[in-house]
Amino acid sequence: LGGITGYVVIVGDILTPFAMTLAGEPDYDDDDPLAKKLRVLVSFFQVLLVIYPLCLLRYINTLRYASFAAVACIFYLVIVIVGSSMYMIASGGSVTSEPVVYFNFSSEVFRSFPIIAFAFSFHTAFFAIYNEMKEPSRIDLVVSISTVTAGAFYVLVGIFGYLTFRHEVSENILVDYENNAFITVGRICLVVVISFSYPLLHFPLRESEVALLMNRWESSEGPNSSGGELEMTELRSDVGQSDEDGSDAEPSATDGTHSTPPPRDGERSDSPPPRRVFTAADLTERQHLAITTANVGVSFILAVLIPDIAAVFGLVGATAGCIIVFIFPCCCFLRIYYPTKWNTHRLYIVTAICVNIIAVVLAIISTSVILSTW
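Residues numbered from 1 in each chain as written. Predicted model: local features only at pLDDT ≥ 70, side-chain atom pairs only at ≥ 80, totals over all residues. Heavy atoms only, no water.

Q: Got a minute to help me understand the overall build of the protein in this structure?
A: Scanning the protein from terminus to terminus reveals eleven helices and zero strands. For the protein, the proportion of its 374 residues judged to be buried stands at 33%. Counting contacts in the protein only where the partners sit at least 6 residues apart, residues at least 24 apart contribute 77% of the total. For the protein, the exposed surface amounts to about 23100 Å²; the carbon and sulfur share of it is 66%. (Helix = DSSP H or I, 4+ residues; strand = E, 2+ residues; numbered from the N terminus. Buried < 20%, exposed > 50% of the residue type's maximum accessible area, 1.4 Å probe, protein only. Contact = heavy atoms within 4.5 Å. Areas by Shrake-Rupley, 256 points an atom, 1.4 Å probe, with all protein chains shown as cover.)

Q: Can you walk me through the environment of Ser170 in this structure?
A: Secondary-structure assignment places Ser170 in the loop between helix H6 (139-165) and helix H7 (181-220). Its relative accessible area of 29% is what places Ser170 among the partly exposed residues. Not counting the four nearest positions on each side in its chain, Ser170 is found in contact with Val175 and Asp176.

Q: Just to check I follow, could you spell out the packing of helix H1 (residues 2-22) against helix H2 (residues 33-55) for this structure?
A: The geometry of a pair of packed helices is captured by two quantities: the angle between their axes and the separation between those axes. With their axes 8 Å apart at the nearest point, H1 and H2 run at an angle of 120° to one another. Between H1 and H2, the crossing angle belongs to the class labelled oblique. Note that H1 runs across H2; the crossing there is right-handed. Packed against H1, whose contacting residues are Val8, Val9, Val11, Gly12, Asp13, Leu15, Thr16, Ala19 and Met20, the element H2 presents Leu34, Ala35, Leu38, Arg39, Val42, Ser43, Gln46 and Val47 at the interface. Split by residue class, the contact of H1 with H2 holds eleven nonpolar, four polar and two charged. (Axes fitted to C-alpha atoms, helices over the stretch in contact; angles between N-to-C directions. Parallel < 35°, antiparallel > 145°, perpendicular 65-115°, else oblique. Left-handed = near helix turned anticlockwise from the far one by under 90°. Nonpolar A, V, L, I, M, F, W, Y, C, P; charged D, E, K, R; others polar.)

Q: Can you help me understand the pattern of salt bridges in this one?
A: Side-chain pairs of opposite charge can arise whenever the charged atoms involved come near each other. In the structure shown here, the tally under the stated rule is two salt bridges. Two residues, Arg39 and Asp13, come together in a salt bridge whose shortest N-O distance is 2.6 Å. Taken together, the residues span a long stretch of sequence, with Arg39 in helix H2 and Asp13 in helix H1 at a distance of 26 residues. The partly exposed category is assigned to Asp13, whose relative accessible area is 22%. (Salt bridge = Lys/Arg side-chain N within 4 Å of Asp/Glu carboxyl O.)

Q: I'm lost on the packing of helix H4 (residues 108-119) against helix H11 (residues 346-372) in this one. Help?
A: Packing of H4 against H11 brings their axes to within 8 Å, and their N-to-C directions diverge by 115°. With respect to each other, H4 and H11 are oriented roughly perpendicular. Crossing handedness for the pair H4 and H11: left-handed. Here Phe110, Arg111, Phe113 and Pro114 of H4 lie close against H11, whose contacting residues are Leu362, Ile365, Ser366, Val369 and Ile370.

In short, shape yes, function no, at least from these values alone.
Written out as structure tokens, the structure is:
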């Protein structure tokens, strides 16, 4: 929810200058009442006309063509930013002549780290993408290519942005460049990227809400519900034959047959059968519309109330970002490998423990720093 809220904030940041230019006031202050009203207005129409319809789609693979367009826009953005920075540096048009600082350890590090963590926290969409891949075995290649490509783009934009503007670089680097045709198209491309990225992050949000709420509601209905009937039907088909041929009787202990497969190592023989999992694909049209509308509406309201993109991404990265990127994966790894495989995976286990401790410490410090300067 914090991620999609940040996307709405970015949309407002980018579209507000266009709206103010059309209103005849290209030079304006962020505290201008008209600018604040237009920010809310343009954000609302972008969410209503573009983002909301995309979020109503039920399957993530329906966004594949939108994703191709977003990737093309990202390539254009990187080329424009790097090219503009190189031109300004070569022509002496840099806004500052202060020396380059290669390392600066201050409290700003704890404000930047959560944003970096958030930038690589698309783990939530992993399972939705994996489940709809034609060749799921290629998921490792997809993850590697996407992570390396995104990291390279981040590094290029960060380095050239800093070399051009030094500490005066803005949270949205596109606002630092002079208006021209290339930058204007780049801003439009960024709006396209954000609009198409929003539903990709919304899919796992909706799926998580269904997993947390709907499955608990389904299980509370008991075996008389439709889900319970399905479970009982599946159970009967697994443990015995139909009643019609009279073969439901318990198998004898002497004939060597079993009504259920033998338990695996460490598995109880009397464990209950797997329960049918309720997913977002099982939602009715009314439920699907209600959940999607609520998520999009809440994110828009939060974006209006908290228009500071650094605060949104920083706080989300310091909390959910660190948990999703570092803490949860390490905890899952330790749950599987420790202590049963300590002798064969000692280095990986120790690394996971260290990463977990560092992530917890950085998350606490970063959250404190962001909240103290809010």
